[in-house]
Amino acid sequence: MVSTYMTYTAVLETVIRVSQPILLGYVIDYFSNNNTIDYKNACLAALGVCLCSLLFISLHHPTLVLTHKIGMKMRIASCALMYKKSLRLSQASLGKTTIGQIVNMMSNDVNRFDEFSTFICYIILAPIQTIIIVYIAWTHLGWSTLVGVAILILFIPFQGIMGKLFSRVRQKTAEMTDNRLRLMNEIIGGMRVIKMYSWEQSFTDLVANARKLEVNFIKKSCFLKAINLSVFFVASRIILFACFITYVLTGNILTAKAVFVTMALFNTLRITLTLLFPNAVTQLAELSVSCQRIQTFLELEELNVKSIDNQNHLKSKELNNESISVSIDNIIANWSNENPNPTLHNISVNLKCGDLLAVIGPVGSGKSSFLMSILGELPVQSGTIQCVGSISYASQEPWNFNNSVRNNILFGNEYNESRYKRVVNVCALDRDFTIFPFGDRTLVGEKGVSLSGGQKARITLARALYRNSDIVLMDDPLSAVDSSVAEHIFDKCIVDHLSDKIRILVTHQIQFIRKATQILVLNEGKCLAMGTFDELQAQGVDFMTLLKEQEKENADKKAEIEKQERERELIQSLTQSGFDERVRSLSRSVSITGGSIDLSNILVKLVNNINDNNRDDPKIKDEERQVGSIEGRVYWEYIKAGTGPLFAIFTILSTLISQTIFHGSDIWLTEWTNKNQMSGHIVSTSEQNIDAYIYSGLIGLLFLTALMRAISWFTVCMRASINLHNTIFYRLLRAPISIFDNNPVGRILNRFTKDLGVIDEMLPSTSFDLNVCLAQGVGIAIVVGIVNPYLIIPAIVMFILIVIMRGIYIKSARDIKRFEGATRSPVFTHVSTTLTGLASVRAYGAQDVFEKQYYIYQNDHSATWFLFVAASRGLGWIMDWFCVLYIIAIAVVLMLSPNGIAGGTAGLALSSALMLTGMTAWGVRQSAEMESQMTSVERIVEYSRLPQEAPLEANKQHKPRPEWPDCGRIQFKNMYLFYESSNKPVLKNLCCSIKSAEKIGIVGRTGAGKSSIISALFRMVEPKGQILIDGIDTKSIGLHDLRKKISIIPQDPVVFTGTVRRNLDPFGEYSDEQIWKALDEVQLKHAVQELRGELDAELSEGGSNFSVGQRQLVCLARAILRSNRVLVLDEATANVDHQTDSLIQTTIRNKFSDCTVLTIAHRLNTIIDSHRVLVLDAGEIIEFDTPLALLQRKGKFYDMCRKTGKDMFNHLMKMAKEIHFHKFDTNEEQEEGQVVEYQSDHQFTSHGNNNDPQKYGTFQEKF
């Protein structure tokens, strides 16, 4: 195949492309009346010119397909080799690389094989072709040819210099782009906080500066592109100019044959030497780098998979129960030799059939590493591990691949119905299968049904069981399921079903380890104890201390899992039956599954399920997409963004003038040579000099106008990019928060990454290429039409055919490209999935199965990719056929009416038409590419129409006084709140008053409307009704007038990249002394002083060099600096430890004692000391009173406190009483001895001297 490719290319470049100018010279000789060739031979020469074009396109496009096929085979071979290598990588090697790097090599680096295969032969052919062409040109122009060759060779280092400059500018541009995108990512992710802090202008300035730096380098890049393209555009004319002027100045007379044969030869040589040969060298250099990267990957350390396979493929029937065993003798293992402390140290275990080993220990103690050492994934430095029998493994993180549930369980094994049903039953999957849309044939994975964590974990466990191995390793499979399912799995599966197996179970649940035959206690990789539960207790091992941290983490997780599992199963099961039956059985189902499920929540989800019964579950609103071709208004918006009327006229004129001079110089050469060869004309030296001066002037003007043409065009594109970015950034920053709530960060960020990158760098070059091709095509048609007006007709026919074929190609190419993208994704998904579950794949010995599946995905992608290549080459072949037919038409017309046509005129017509071959197909492809790239403009223009918030500043008449609010009174009057695209209010008729300096706690279940109050208060969503702060309606003033006067400490602390100072004071409003004082008050002063640069120290992205608690304290310091009369805490302590929680609460009590504070919290102890508590439910105020009064009333707040448990309830009651008596100075001393107890029947009884239920009735009046 390679030899065929080299032969075809050699014939094309050294025979056909060189022969055509020679034959053209014979035709010109005939029309020049030199009597050196007769009419018959002239016709044969013209036929030869046409046949050369025909042979060229007949061989050129199949040859290109062949080159792509060679490159594709090299790429596929490299990818297959890397995938096979990835299956053998050791865990240490996986630590030296990442899945992203491996996928990057298999997607980007290997593409160099495709690109290099296209140019490889020109490294050899370019010098050979140069020698042949120089020899032929020498026969026409003598040593003047060497001047042109010298200039042509000078273009090679010029391209090298430009390439280096491009590389430097590109690198700098990439750095600036990364900086801007980092800012954009933070801004979009933290937009709610930015709006609440009124920091829009600060971040506008940041992005503006970052964009300015980026644009400076993009401008340099565009300027370099403009110079490069303009030089390339006029290069052939400059080379010919040097040859011809030298030839004339040495006393020679130009002839038509010398001019147009040399022109055709140098056009061929220019493309070879300035485009193909440099690209071949560049691609060779890039390929060597890619090969080096691939080689480095292939040389990574491998795991000894053979020994693992040998022991894992032993069949149970070949062994008796007595010989099956696991023997671990004093092993020391380490993930990395660089780590001085081994991962496992002196571990010894001996197990036989029927043994259940429970492995326990705190987080990071080496439990999973212990299982990895048995699997052979963790290198053992000393000691021995001997496993006799086959092994199954259930990983800690459930691992499933994109296939049916059944195939995930079978994992390549044959289907045995009885064994399959038994495994499904003991793994508690029966009920799940009945509620899956297609039972166990339901797809899971990337495009399948969304499974819960518990379902994924049970499927992973079922896979380990179905394999029927002798040794089963289970890495904490019970943590992802609720307590009832965990008990079922342990009893029915681990204890009963696997009773005759060797079982090694990693767990954190004490109730299960009692039944283990042996318990291994690990801590920091060392064996603390080994034995039965009773033996370890007798030794004084404190299990609770070991597992305290883990149990604490698992408690909330377990409760949430339990609730989600019950709700999920209930909803899915109810959806299977009729609606009436579902509603009638709902209460009964709830009581069966457990009373902790919220009935109203189930009803809401059930109704949603019924409405969406025949649709996929809605996740996120799909992004709107335009279909069909790009509308004209998008082009108009792009042009308007890039230029005004005057500059648009200048750009158009520079294109027209440049193209006119380009063809005008050829016409002048034609007239010059025709005059020289006119019979009876005496050529004088002065006349030759004048003609040379005129020609020199035309070439000089051509260079200047070409430069102006390129620079003006790129300037328009650059201005469009700048203005479009500024427009959408400003519109985005002023967009309502609903835009950010309804769209993922990635979707918004995509406008500023991929789309803006296309507009910045790709669209200018593509559109300029189209500009040149279109202008060249029209110019050639006009030039040929000047030679013979009848030749306009075939030009029009050709243009119509090209437009028709373009429409057909774009439609088909768009779909083929879409299919190619669709088949590419599974390849990389499969690679990612394999590497993610590599330990499981190797544990089951499934490498061959996954390797075969990879080949299937790769073959599918290769088929569609090659179809796209064939379609592209097919377009080129058809376009070039149209051009050949046009050349034939010109040749026929010229040969049928030779009278009155001079040699130069005939040469001009034919040489101009020959330029169309290849250029036409390139122009059509560039037009299709430009339309594709204009979709990025369309998407950005779409964001320029985003809705906008209310004005930031009020006019003078409505602007509040500077000291507002001086009291902090807040009133809600008939306030409703509606979210976008919903006609149901989330807050309903809120009416209440909050006094100055009052501390209000806001509580309610999830979805009750707590956060919506903040949205209404900050006007993140415009409320209906009135919210008055010190008597001023918040809707009557500007957003910044309002938001700057309210401080907030958000639930998720947001810290932005930049200095500490900028994070606290972005506008420079406070002195260093004030900032240090605020940091000292939140106990961050010491932490900041330890940073390099202190207040000017740079915080990393997301504030990762601060802990979550420290980031929350930064938010508190912001509030202290602002010293506003109104403070809002949005569950500010939900994600911090109790120490930070206590610090925040203490600081708020001390620093904001005279401020109005609204606290939203789930931890009831944080709001129990509030003056009053506002209880919300379904957007309505249910209760609003002092905490003690609400507890005595036994309403909603009472129920919430009761659900916290006996001890916490008594604590809350005690705190409420202490705070109440302290605040209101009551004289009822007998209440001080009263104790409230939590009774088993969920009733609360007061014990004391007075049980009068009305005794707290006057609390609200007292307050």
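Up top you'll find the structure we're talking about.
Residues numbered from 1 in each chain as written. Predicted model: local features only at pLDDT ≥ 70, side-chain atom pairs only at ≥ 80, totals over all residues. Heavy atoms only, no water.

1. Structural notes on the sheet that holds strand β15 (residues 1024-1029)
Part 1 of the reasoning: Spatial ordering of the open sheet is given by β13-β12-β15-β16, a layout of four strands whose pairing is antiparallel. Edge strands, defined here as strands with exactly one partner in the open sheet, are β13 (985-994) and β16 (1032-1033).
Part 2 of the reasoning: By the bridge criterion, six bridges tie strand β12 (residues 970-978) to β13 in an arrangement that is antiparallel. In the sheet register, Phe972 faces β13, and the bridge partner there is Cys992.
Part 3 of the reasoning: Along the sheet face, helix α33 (residues 1010-1017) touches β12, β13 and β15 and points at about 105 degrees away from the line of β12. (Pairing = 2+ DSSP bridges. Helix = DSSP H or I, 4+ residues; strand = E, 2+ residues; numbered from the N terminus. Contact = heavy atoms within 4.5 Å. Axes fitted to C-alpha atoms, helices over the stretch in contact; angles between N-to-C directions.)

2. Concerning the packing of aromatic side chains
Part 1 of the reasoning: Under the definition given, this model contains 15 aromatic pairs.
Part 2 of the reasoning: Here the aromatic rings of Tyr30 and Phe31 are separated by 5.3 Å at their centres, their planes lie at 80 degrees, and the arrangement is edge-to-face. The exposure classification of Tyr30 matches that of Phe31, with both residues buried.
Part 3 of the reasoning: Ring centres 5.7 Å apart and planes at 40 degrees place the aromatic pair Phe714 and Phe768 in the tilted group. With Phe714 in helix α25 (residues 685-733) and Phe768 in helix α27 (residues 745-787), this pair connects stretches of sequence that are 54 residues apart. Note on accessibility: Phe714 and Phe768 belong to one class, buried.
Part 4 of the reasoning: Three or more aromatic residues joined by ring pairs form one cluster here, namely Tyr30, Phe31 and Tyr39.
Part 5 of the reasoning: Lying across the ring of Tyr420, Arg406 places its NZ or CZ 5.4 Å from the centre. (Phe/Tyr/Trp six-rings, centres within 6.5 Å; stacked < 30°, edge-to-face > 60°. Buried < 20%, exposed > 50% of the residue type's maximum accessible area, 1.4 Å probe, protein only. Lys NZ or Arg CZ within 6 Å of the ring centre and 35° of its normal.)

3. Observations concerning helix α23 (residues 632-642)
Part 1 of the reasoning: Listing the buried residues of α23 in full gives Val634, Tyr638, Ala641 and Gly642. Seen end-on, α23 carries its buried residues on one side only, within an arc spanning 95 degrees. What points out from α23, more than 90 degrees from its buried face, is the exposed set Gly632 and Trp636. (Arc of directions from axis to C-beta.)

4. A few points about the packing of helix α14 (residues 417-426) against helix α16 (residues 453-466)
Part 1 of the reasoning: Interaxial distance between α14 and α16 falls to 9 Å at its minimum, and their mutual angle equals 140 degrees. When the axes of α14 and α16 are compared, the pair comes out oblique. For the crossing formed where α14 meets α16, the hand is right-handed. The residues of α16 that touch α14, namely those facing Arg419, Tyr420, Val423 and Val426, are Ala462, Leu465 and Tyr466.
Part 2 of the reasoning: Split into classes, the residues belonging to the contact of α14 with α16 amount to six nonpolar, no polar and one charged. (Parallel < 35°, antiparallel > 145°, perpendicular 65-115°, else oblique. Left-handed = near helix turned anticlockwise from the far one by under 90°. Nonpolar A, V, L, I, M, F, W, Y, C, P; charged D, E, K, R; others polar.)

5. With respect to the sheet that holds strand β22 (residues 1172-1177)
Part 1 of the reasoning: Spatially, six strands are ordered β17-β20-β21-β14-β22-β23 in an open sheet, and the strand pairing comes out mixed. Of all strands in the sheet, those bounded by a partner on one side alone are β17 (1046-1049) and β23 (1180-1185). Averaged over neighbouring strand pairs, the angle between their axes works out to 20 degrees when direction is ignored.
Part 2 of the reasoning: For β17 and strand β20 (residues 1126-1130), the ladder comprises four bridges, and the chain directions are parallel. Each bridged residue has a counterpart across the sheet, and for Ile1049 the counterpart in β20 is Leu1129.

6. Points about the environment of His1220
Part 1 of the reasoning: Summarising the element assignment, His1220 is placed in helix α42 (residues 1206-1224).
Part 2 of the reasoning: We classify His1220 as buried; its relative accessible area is 3%.
Part 3 of the reasoning: For the pair His1220 and Pro1187, spaced 33 residues apart in the sequence, the C-alpha separation amounts to 8.1 Å.

7. Some thoughts on the pattern of salt bridges
Part 1 of the reasoning: Here the structure, examined in full by the defined rule, presents 37 salt bridges.
Part 2 of the reasoning: Here Lys421 and Glu417 are joined by a salt bridge, their closest N and O atoms 3.1 Å apart. One end of the pair, Lys421, and the other, Glu417, are both in helix α14, four residues apart, so they sit about a helical turn from each other.
Part 3 of the reasoning: The partner of Lys675 in a salt bridge is Asp691, and the shortest N-O contact between them spans 2.9 Å. On the criterion of sequence distance, the pair formed by Lys675 in helix α24 (residues 645-676) and Asp691 in helix α25 is long-range, its members being 16 residues apart.
Part 4 of the reasoning: One connected set of salt bridges, linked through shared partners, spans Lys195, Glu200, Arg734, Glu949 and Arg1043. (Salt bridge = Lys/Arg side-chain N within 4 Å of Asp/Glu carboxyl O.)

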